Amino acid sequence: MSAHDRSGWAVFGIGDFRLFGAARFLTGLAYQMQAVAIGWFVYDVTHSALALGLVGLAGFLPAVLCALITGHVADAYDRRLVSAAAFALQSLASFGLLACALSGVHAVWPIYALVILVGTARAFANPALQALLPTLVPGPLFSSAIAWNASLWQSASVMGPALGGFLYALGPAVVFGGAGASFAVASILTLLIRFRPAAVSERPPITWAALSAGIAYIRSQPVVLGAISLDLFTVLLGGATALLPIYADEVLHVGPLGLGALRSMPAFGAVAMAVLLANYPLRRHAGLRMLRAAAVFGAATVAFGLSTSLPLSMACLFVTGAADMISVYVRQTFVQGETPDAMRGRVSAVNTVFIGASNELGEFESGLLAAAIGAVPAVVVGGAATIGVALLWGRLFPALKARDRLMVQG
């Protein structure tokens, strides 16, 4: 392999990865635009932190309820087709939100119902996509592909909230229509991927043992279990995303455009870190660096909670995104790189539940706690708890702390 082939950009020479990456970027852009519009709409109607938290819960529940089935589907069927169908369903849900906006609906329950539909589609798409990626690139480029995949998603997460906040000024219908079109194009791009899996002569039977194989595998791997659970509790406790509309309105007084900027900053930090990791992968002390990144995430969250300055708040959110990217990079490399292909879908489905729990369920937890003690105390307490989790996990999972290299050397 030449020096050029070993560079961080080499994966873009693979046509299937380019199609995969373009689809990931478009879906990330659509999802983040839509999230800003939904959050602002719900808060504008209800002025309730709990109502914002319920949006996160509605998005998370399908991932939990469907986890065992979605993993089985990703392992038993063509992962391209599963992903494309899921993107098409998300497109339909976005156009449903468009219909709500055009009809002047001012009740929140239709929004919750459509968020559940989006969550169901994502529950099928995520494990299929996670299991598909390792089959599209050669082994030496896998770590770089992980970082670039995350970078593309996070790049969309930088642009999406800002674009969503800007377009929301033209009306929520513009945001939802744009999101629906993006999901539709992503579905087509996924279908164009040339990779075809080997024909499945006999699909695994739908038994409890087959469905729960992903859970059993993760429990048997202390490094993987430690990495996934650390990421879960870090974002579950320290995430402040659901409360950003409150900060934008009541603490920083910056309106929907400011909300879009705030939502973009964690992703902007993640992009910067992902590009760095794609070109300079972690060579040593992977587990210890993941634990340290979790502690930095918590400290930056505390600083954000106490800030009343927009520039400082944006800087703190940038740091949380960069720190979280290290965690995502390490966790995804462990999960996708060390899992046998035949059960990648089921393991990825369990991983998706943990990711969803840390994001959507974390939004519900933040909204619930903020309703009880206020937004600022909720963010500060959550950030401090995250620091505690990072210290505790170093003791509970010594194998994770001691893990030196990302990939086990064969």
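Residues numbered from 1 in each chain as written. Predicted model: local features only at pLDDT ≥ 70, side-chain atom pairs only at ≥ 80, totals over all residues. Heavy atoms only, no water.

- Going by an unreviewed UniProt entry, the protein carries the name Clustering-based subsystem and comes from Methylobacterium phyllosphaerae.
- For the record of the protein, the UniProt heading Subcellular location (unreviewed entry) holds the text "Cell membrane". (UniProt positions renumbered as here; feature names shortened; annotations may be inferred.)

### Notes on the overall build of the protein
For step 1, the next point in the chain: A tally of regular secondary structure across the protein gives 17 helices and zero strands.
For step 2, the next point in the chain: Against the compact-globule benchmark of 22 Å for 410 residues, the protein has a radius of gyration of 20 Å, which places it among compact chains.
For step 3, the next point in the chain: With the C-alpha coordinates of the protein rotated into their principal frame, the extents come out at 55 × 45 × 45 Å.
For step 4, the next point in the chain: For the protein, with 410 residues in total, the buried portion stands at 59%.
For step 5, the next point in the chain: Here the analysis covers contacts within the protein between residues at least 6 apart in sequence; of these, 90% occur between residues at least 24 apart.
For step 6, the next point in the chain: When the accessible surface of the protein is totalled, it reaches about 16000 Å², and 69% of it is carbon and sulfur.
For step 7, the next point in the chain: For the protein, the centre of its 22 positive side-chain charges and the centre of its 16 negative side-chain charges are spaced 10 Å apart. (Helix = DSSP H or I, 4+ residues; strand = E, 2+ residues; numbered from the N terminus. Rg over C-alpha atoms; globule rule 2.2 N^0.38 Å. Buried < 20%, exposed > 50% of the residue type's maximum accessible area, 1.4 Å probe, protein only. Contact = heavy atoms within 4.5 Å. Areas by Shrake-Rupley, 256 points an atom, 1.4 Å probe, with all protein chains shown as cover. Lys, Arg positive; Asp, Glu negative; His and termini not counted. Charge placed at Lys NZ, Arg CZ, Asp CG, Glu CD.)

### Topic: the packing of aromatic side chains
For step 1, the next point in the chain: Summed over the entire model, instances satisfying the criterion amount to seven aromatic pairs.
For step 2, the next point in the chain: Arranged with centres 5.2 Å apart and planes meeting at 70°, the rings of Phe12 and Trp148 form a pair that is edge-to-face. Taken together, the positions of Phe12 in the segment before helix H1 (15–46) and Trp148 in helix H6 (residues 142–168) put the pair 136 residues apart, joining distant regions of the chain.
For step 3, the next point in the chain: Judged by relative accessible area, Trp148 falls into the buried class, the value being 6%.
For step 4, the next point in the chain: Grouping aromatic residues by their ring pairs yields a cluster made of Phe12, Phe17 and Trp148.
For step 5, the next point in the chain: For Arg122, the ring lying beneath its charged end belongs to Tyr31, and the centroid distance is 4.0 Å. (Phe/Tyr/Trp six-rings, centres within 6.5 Å; stacked < 30°, edge-to-face > 60°. Lys NZ or Arg CZ within 6 Å of the ring centre and 35° of its normal.)

### Observations concerning the UniProt feature "transmembrane region" (unreviewed entry) in the protein
For step 1, the next point in the chain: Per the UniProt entry, the sites bearing "transmembrane region" (unreviewed entry) are residues 21–43, 49–69, 132–153, 165–193, 223–248, 260–282, 294–320 and 368–393 in this numbering.
For step 2, the next point in the chain: As a span, residues 223–248 carries 81% helix and 0% strand, and end to end its C-alpha atoms are 39 Å apart.
For step 3, the next point in the chain: Secondary structure across residues 260–282 comprises 87% helix and 0% strand; the distance between its end C-alpha atoms is 31 Å.

### Quick word on the packing of H1 against helix H7 (residues 172–191)
For step 1, the next point in the chain: The geometry of H1 relative to H7 is characterised by a closest axis approach of 8 Å and an angle of 160° between their N-to-C directions. Considered as vectors, H1 and H7 are oriented roughly antiparallel to each other. Once H1 is placed against H7, the crossing between them reads as left-handed. Counting all contacts with H1, which are made through Leu19, Ala22, Ala23, Leu26, Thr27, Ala30, Tyr31, Met33, Gln34, Ala37 and Ile38, the residues of H7 involved are Val175, Phe176, Gly178, Ala179, Ser182, Phe183, Val185, Ala186, Leu189 and Thr190.
For step 2, the next point in the chain: In terms of residue class, the contact of H1 with H7 is built from 16 nonpolar, five polar and no charged. (Axes fitted to C-alpha atoms, helices over the stretch in contact; angles between N-to-C directions. Parallel < 35°, antiparallel > 145°, perpendicular 65-115°, else oblique. Left-handed = near helix turned anticlockwise from the far one by under 90°. Nonpolar A, V, L, I, M, F, W, Y, C, P; charged D, E, K, R; others polar.)

### Considerations on H6
For step 1, the next point in the chain: Taking 1.5 Å of rise per residue, 27 residues should cover 39 Å, and H6 covers 38 Å from first to last C-alpha, within 8% of that figure.
For step 2, the next point in the chain: In terms of burial, H6 is largely enclosed, as 22 of its 27 residues are buried. (Expected span 1.5 Å × (residues − 1).)

### Describing the pattern of salt bridges
For step 1, the next point in the chain: The full count for this structure, using the stated rule, is four salt bridges.
For step 2, the next point in the chain: In this structure, the salt-bridge partner of Asp231 is Arg331, at a minimum N-O distance of 2.3 Å. You can see Asp231 sitting in helix H10 (residues 222–238) and its partner Arg331 sitting in helix H14 (residues 310–338), a full 100 residues away along the chain. In this structure, Asp231 and Arg331 share a single accessibility class: buried. (Salt bridge = Lys/Arg side-chain N within 4 Å of Asp/Glu carboxyl O.)

### Structural notes on the side chain of Arg79
For step 1, the next point in the chain: Here Arg79 lies in helix H4 (residues 79–103).
For step 2, the next point in the chain: The exposure class of Arg79 is buried, given its relative accessible area of 10%.
For step 3, the next point in the chain: When residues no more than four places from it in sequence are discounted, the contact partners of Arg79 are Ala74, Ala128, Ala131, Leu132, Thr135, Asp341, Arg344 and Gly345.

### Details of the environment of Phe25
For step 1, the next point in the chain: Following the sequence through the fold, Phe25 ends up in helix H1.
For step 2, the next point in the chain: Since its relative accessible area comes to 22%, Phe25 is described here as partly exposed.
For step 3, the next point in the chain: Taking the C-alpha atoms as reference points, Phe25 and Leu152, separated by 127 residues in sequence, lie 5.4 Å from one another.

### A short note on a nonpolar patch on the surface
For step 1, the next point in the chain: Taken together, the side chains of Leu163, Phe166, Leu170, Val174 and Leu257 define a hydrophobic patch exposed on the protein surface, amounting to about 480 Å² of accessible area.
For step 2, the next point in the chain: Residue placement: Leu170 occurs in the loop between H6 and H7. (Patch = residues over 30% accessible without salt bridge, like charges linked within 9 Å, V, L, I, M, F, W, Y side chains within 5 Å.)

### Digging into the confidence of the model for the protein
For step 1, the next point in the chain: Mean pLDDT over the protein: 84, with 91% of residues reaching 70 or higher.
For step 2, the next point in the chain: Ignoring residues within four places in sequence, the model shows residues 1–5, a span with pLDDT below 50, making five contacts including any to other chains. (pLDDT = per-residue confidence, 0-100.)

### Overview of the packing of helix H12 (residues 255–279) against H14
For step 1, the next point in the chain: For the pair H12 and H14, interaxial distance at closest approach is 7 Å and the crossing angle is 45°. Compared by their axis directions, H12 and H14 come out oblique. Considering only the axes of H12 and H14, their crossing is right-handed. For the pair formed by H12 and H14, the contact residues are Ala261, Leu262, Met265, Pro266, Phe268, Gly269, Ala270, Ala272, Met273, Ala274 and Leu277 on the first element and Leu310, Ser313, Met314, Leu317, Phe318, Thr320, Gly321, Ala322, Met325, Ile326 and Tyr329 on the second.

### Considerations on the nonpolar core
Across soluble globular proteins, nonpolar side chains show a tendency to be buried alongside one another.
For step 1, the next point in the chain: With 65 residues, the main nonpolar core has Met325, Tyr329, Val330 and Phe334 as its most contacted residues.
For step 2, the next point in the chain: The element that contributes the greatest number of residues to this core is H14, accounting for nine residues.
For step 3, the next point in the chain: If near-sequence neighbours (up to four positions away) are discounted, Met325 is found in contact with Ala150, Gln154, Ala270, Met273, Ala274 and Leu277.
For step 4, the next point in the chain: Ala37, Ala156, Ala248 and Ala370 belong to the second largest nonpolar core, which has 45 residues in total. (Core = buried A, V, L, I, M, F, W, Y, C linked by side-chain atoms within 4.5 Å.)

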